[in-house]
Amino acid sequence: MSARVAVITGCGVVSPLGRGVAAFWDGLVAGRSAVAPIRRFPAADLAPNAAAEVADPTPDDPDRAGAFALDAAREALADARLDVRAVGPARVGVALGTTLGGMQLFERWIATGDASGLACVPYYAPATRVARAVGCRGPVVTAQLACASSTHALALASDWVRAGRANVVLAGGTDLLCRFVVAGFNCLKATADRARPFDAARRGLALGEGAAVVVVEDAEHAARRGATVHGRLLGVGAAGDATHMTAPDREGRGALRAMEAALADAGLAPDAVDFVSAHGTGTPYNDAMEAVAIGRLFGPGRVPVNSIKGAIGHTLGAAGAFEAVMCLRVLAEGTIPPTAGLESVDPACARLDLVHGVARTHRTSVALSTSSGFAGANAALVFGRA
Amino acid sequence: MTDGVVITGGGAVTALEDAEAALPETVRARGARVERVTRLVLAAGGAALDAAGLAAMDGPARPRVGVVVGTAFGCFLTNDAYARRLDMGAAAASPRLFAATVSNAAAGELGIAYRLGGPAVTLTAGTVAGIAALGHASDMLRAGRADALVAGGADATGLGLSMWIAAGGFVRGAPPTDAATFVVLETADAARKRGASVAGTILGYALGFDDREDVAARALADAGVGPGDVACSVRTASHMLAAGGPHALRGALANAPRGGVVLVVDACTSGHAAALVARAA
């Protein structure tokens, strides 16, 4: 592609720690966890029944995934001080990740016959809602890489900007909690009452919900309009495990290939990276796999690592976008949030320098975020300081 | 960076059971325990890899070969089956079904069967997802992130999808049918090095939203050609859902004169629109 550079000029989140980037960041730095017993829908027959729920920005809106995404997109646009009409609608795109789309409306239809929300069910629906609401006429695509979906959505945005297909892309992810997904992970025996990433006593993940959206913009376009740049999206990578549909490759080979690809795309060596945002679900297999892959790429204990899934739960198709926003704040603030829920590091993960207990002051120029999902999907992003 | 993206193989499936009969036993065995859209991807993607001479089925995963699947509805039929069981109570939740309620299951299965360790991507953009997949694959190849990607579109139909379409009042045109069409896209360098036969070259593409007229002009501009250069222009068959775009591309390339430029335009009632420009070999 060309020498165009993709930068981030706006961020927005609807998170279990609160609405807006400031509430999200403050909660992460304080080490808070939003995981609690589920209150929004009947969960008496669900065990475990704890998750990180969001206080709805628009409580009467039945399309929760779409509403989360739209609220986060509007915050990101406001943060970027960006007017879609001024950019030109055909030069603005939307790339979102999701694993569930409007699944709770599908559940409602099956349970009650209420067909009023069925247009919001398809996986592509949240992205089309955002596109229509903001007046975008450029590329609109939904990435579906399971729990790496929104990580790859940012990669799509980067590709479009670098190839000159768009000047601005709203990129991120959205997912919601409903019985469909909680019962599903429970029956796979992958869940626990609290998420304890990389802890010796970890038993599984706790689910979460919400949306995170960033404005990915062509650097020259951003400079012309005098935008504030939060960070540069230096590299993207993706790779398949090609081993198993639900279990990660024990050797972490797919995750390693995705991280190596992102670094190669960025033109950087591993020793340029100052911080790694791990996928860190809190399941025994995922965290052990990541310890192998991250340790192999960066060397034992060389780079600080955290996971935010103990704080906001595993937000599935939104997880990578939340972690992207966190990485951008780390680059700007020089502070790494602690891994909530981590108290005693598993010896199998001891090769990682895990940030836990309290936030760590750490000047960071380059951050890498890695995500992995069902069907062996892996994706990684490399961010640089503005 | 590469000097171009070429098409080195293709495969299409509409009659699934017939297509599966031609698959290697190891792939057929995988297909026996997965849902219909995954079976379609295994059959059409496998045929495309075979036609391109890239159908390795053992050994370590190949890091420079990957997959991009476009789908309008993905695992909808499994979602429907799983959700109807769950409606009877959490104890009825099926781990086997839930594990298949991810739209990228088909890409994962194809990757395992054919040892694809490069990018494993699934996209949806309504029924234009097949063209979106080809475009994204082209971008990744041009950026040097893979040497070859099997890319295309697939959707499976069945009772659950039909009930959703009827209940939502989404019936438009001919009823949807099972279909999958894939091509192998490869950097021109990689194809040349291994002496692969080339069916065409991807020149450019564009994606749009609520703007189906402009998308063709933008694709032509991306390709660096004008409307007068186009030898064959086709609109896709919407009943083939995400397979429609790649299917139209293969048909246009087969019928175009030698070196002729083809334009494929695709639009969905969701608002998604796409156009792709290629040159026949």
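Remember, it's a predicted structure, so these values are computed and weren't measured experimentally.

Looking at where F170(B) falls in the secondary structure, it is placed in the loop between α8 (159-168) and β5 (179-187). On the basis of neighbour counts, which here come to 14 C-beta atoms within 10 Å, the residue F170(B) falls in the partly exposed class.

Take the sheet that holds strand β3 (residues 35-37) of chain A next. Residue and element names in this part refer to chain A. Judged by pairing direction, the sheet is mixed, and its three strands sit side by side in the order β3-β4-β8 without closing on themselves. The sheet is open, and its two edges are formed by β3 and β8 (207-208), each paired on a single side. Of the strand pairs in this sheet, β3 and strand β4 (residues 50-52) are connected by three bridges, and their pairing is antiparallel. The residue of β4 that forms the bridge with A36 is A51.

All right, on to the interface of chain B and chain A then. Contacts between chain B and chain A engage 57 residues on the former and 57 residues on the latter. For the side of chain B that touches chain A, the secondary structure elements donating two or more residues are α4 (76-86), α5 (95-99), α6 (105-114), β3 (120-124), α7 (129-142), α8 and β6 (200-209) of chain B. A class-by-class count of the residues in the side of chain B that touches chain A yields 27 nonpolar, 21 polar and nine charged. The pairing of strand β6 (residues 140-143) of chain A with β3(B) spans two bridges and is classified as antiparallel. What sits directly across from A143(A), in β3(B), is L123(B).

This next bit is on the domain arrangement of chain B. Interfaces are often described in size by the accessible area the parts lose on coming together. Residue and element names in this part refer to chain B. The domains assigned to chain B are domain 1 (5-193) and domain 2 (203-280). A straight line from the C-alpha centre of domain 1 to that of domain 2 covers 21 Å. The interface is formed by 31 residues belonging to domain 1 together with 23 residues belonging to domain 2. For the side of domain 1 that touches domain 2, the element with the most residues is α7, which contributes seven residues. By residue class, the composition of the side of domain 1 that touches domain 2 is 16 nonpolar, 13 polar and two charged.

Thresholds, definitions, all that
Residues numbered from 1 in each chain as written. Chains lettered and ligands numbered in written order. Predicted model: local features only at pLDDT ≥ 70, side-chain atom pairs only at ≥ 80, totals over all residues. Helix = DSSP H or I, 4+ residues; strand = E, 2+ residues; numbered from the N terminus. Buried ≥ 20, exposed ≤ 12 C-beta atoms within 10 Å, placed from the backbone. Pairing = 2+ DSSP bridges. Contact = placed C-beta atoms within 7 Å. Nonpolar A, V, L, I, M, F, W, Y, C, P; charged D, E, K, R; others polar. Domains from an automatic or database assignment.

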